[in-house]
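Structural overview for review
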Amino acid sequence: MHSVLKTFVHSAMTSSNRVRWVFDCGNWFPSKNDWSKISRSIQPEEKERIGRFVFKRDAKSSIIGQLMIMKYLSQVTHIPWSKIKIKRDQNNKPVIDGFDLNFNVSHDENLVVFAGEQNNTVGIDIMRNRYKGGKSVNEFFRIMHRNFNSKEWQVINKGCTEEQKINAFYRFWCLKESYVKATGTGLTVNLKNICFVPKSDLIKNYFVTNTQLFVDGQLLSDWVFHEYLYDNNYTVTVCLNKPVDPINFKFLTFEELTNSAEMITDVDELYCNSFMAKSDCP
Ligand SMILES: CC(C)(COP(=O)(O)OP(=O)(O)OC[C@H]1O[C@@H](n2cnc3c(N)ncnc32)[C@H](O)[C@@H]1OP(=O)(O)O)[C@@H](O)C(=O)NCCC(=O)NCCS
């Protein structure tokens, strides 16, 4: 497999059970009707969870992730949308019983990304390459330092500018999160023991696939990472437990995402009014 591959983000979707999708929430302003339709087509417990978000932006990202999961599962299992049953495991990872299907969602700022795989464990993480914390970058780095191995920290601090350091930080963070999301533990494990050794720099709109993973000092060569720098704005990493070729991300429209959706719950005026009254973001 090539370690650096050029790709086109807007290419056609593969017909197999391996998919990569993106949705841009930045230009999506759902009407009350849209919100009614989609909130009725997710499972009631997910609808309730999403209803608790204070800001529209968070509710939008989370519901889009749910719709991607529902779309993927109904498409590949041929089970009608309304009969799909997504469960959450003990660490809150959405999973489905009875199929060798693995999927994962990540959101940051405007983008929601999804990876679906058959017979392969998958985790995905996306980060906007822009520091948005309230603290200074130095203070942020001082706190985050404890999650990194000293070799990783050296690479992060090799950058000459603050921007280069932040971009390197996000690269390592996406690698770590994609791995703990694939294994399902999430951030409950000691991230310092999970050490990544990149062999190539990230290049805009190319896949890099040769980064190595060491856990407790041991090389875990079964795990592969498809790292993608989208337009210099976002870093996306897909972590897989078996080596497969990277596949292109396809931008979904709202229509494509919802055209096979079926209603699961009844009309809920109050729920929709509450969403419409929320502010977009802090
Ligand atoms: C998984 C985790 C790393 C996600 O971090 P994040 O960067 O804020 O979020 P991302 O946007 O990348 O991913 C969020 C999505 O990952 C999925 N997810 C949730 N938990 C997950 C897990 N343990 N493993 C993999 N994926 C998970 C969900 O689809 C979630 O979307 P949702 O919040 O809209 O339902 C973090 O929430 C975590 O460590 N969770 C596990 C520990 C925990 O909270 N356990 C609670 C037990 S009830």
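Only a predicted model underlies this, so the values are computations on that prediction, with no experimental measurement involved.

1. A closer look at the nonpolar core
Counting residues in each nonpolar core, the largest one holds 35 residues, and the members touching the most others are Trp28, Trp35, Ile64, Tyr72, Leu73 and Phe114. Elements with a minimum of two residues in this core: β2 (19–24), α1 (32–40), α3 (56–77), β5 (101–108), β6 (111–118), α7 (254–258) and α8 (269–276). In terms of residue count, the dominant contributor to this core is α3 (ten residues). Core analysis: the second largest hydrophobic core is formed by 27 residues, Met144, Cys174, Phe196 and Val215 among them.

2. Re the pairing of β5
For a regular strand, the rule is simple: side chains alternate between the two faces of the sheet. Buried residues dominate β5, accounting for six of its eight residues. Here β5 runs beside β6; their pairing, made up of eight bridges, is antiparallel. Bridging from a neighbouring strand, Asn102 pairs with Glu117 of β6. Connecting β5 to the antiparallel partner β6 that follows it, the hairpin turn spans two residues, and Glu109 within it adopts a positive phi of roughly 45°.

3. Points about the packing of α1 against α8
Taken N-terminus to C-terminus, the directions of α1 and α8 make an angle of 125°; their axes are 9 Å apart at the nearest point. Viewed along their axes, α1 and α8 adopt a mutual orientation that is oblique. Our pair here, α1 against α8, has a crossing hand that is right-handed. Along its contact with α1, which presents Lys32, Trp35, Ser36 and Ser39, the element α8 presents Glu269, Tyr271, Cys272, Asn273, Phe275 and Met276. A breakdown of the residues in the contact of α1 with α8 according to their chemical character gives five nonpolar, three polar and two charged.

4. Quick look at the domain arrangement of the protein
With domains assigned, the protein is organised as domain 1 (7–120 + 244–282) and domain 2 (132–240). When each unit is reduced to the centre of its C-alpha atoms, the spacing between domain 1 and domain 2 is 26 Å. Counting from both sides, the interface comprises 23 residues of domain 1 and, opposite them, 17 residues of domain 2. Of the roughly 1600 Å² buried between domain 1 and domain 2 on both sides combined, carbon and sulfur atoms contribute 62%. On inspection of domain 1 and its partner domain 2, the count reaches one salt bridge. One can count seven residue pairs in polar contact (both at pLDDT 80 or more) joining domain 1 with domain 2. Contributions of two or more residues to the side of domain 1 that touches domain 2 are made by β5 and β6.

5. Brief notes about the site of the ligand
The immediate surroundings of the ligand are formed by 19 residues, with Ser62, Asn91, Ser106, Lys181 and Leu187 found nearest. The separation between an oxygen atom of the ligand and a polar side-chain atom of Glu177 is 2.8 Å. One of the backbone N or O atoms of Leu187 is found 2.6 Å from an oxygen atom in the ligand. Burial of the ligand by the protein amounts to 70% of the accessible area it has alone, namely 900 Å². Put simply, the parts of the chain that give the shell around the ligand at least two residues each are β5 and α6 (162–183). With four residues, the single largest contributor to the shell around the ligand is β5. Here the shell around the ligand is composed, by residue class, of three nonpolar, ten polar and six charged. A domain-level breakdown of the shell around the ligand finds at least three residues from each of domain 1 (7–120 + 244–282) and domain 2 (132–240).

How each quantity is defined
- Residues numbered from 1 in each chain as written.
- Predicted model: local features only at pLDDT ≥ 70, side-chain atom pairs only at ≥ 80, totals over all residues.
- Heavy atoms only, no water.
- Core = buried A, V, L, I, M, F, W, Y, C linked by side-chain atoms within 4.5 Å.
- Buried < 20%, exposed > 50% of the residue type's maximum accessible area, 1.4 Å probe, protein only.
- Helix = DSSP H or I, 4+ residues; strand = E, 2+ residues; numbered from the N terminus.
- Pairing = 2+ DSSP bridges.
- Axes fitted to C-alpha atoms, helices over the stretch in contact; angles between N-to-C directions.
- Parallel < 35°, antiparallel > 145°, perpendicular 65-115°, else oblique.
- Left-handed = near helix turned anticlockwise from the far one by under 90°.
- Contact = heavy atoms within 4.5 Å.
- Nonpolar A, V, L, I, M, F, W, Y, C, P; charged D, E, K, R; others polar.
- Domains from an automatic or database assignment.
- Buried area = accessible area lost by both parts, 1.4 Å probe.
- Salt bridge = Lys/Arg side-chain N within 4 Å of Asp/Glu carboxyl O.
- Polar contact = N/O pair within 3.5 Å; in protein donor to acceptor, adjacent residues only side chain to side chain.
- Near = heavy atom within 4 Å.
- Areas by Shrake-Rupley, 256 points an atom, 1.4 Å probe, with all protein chains shown as cover.

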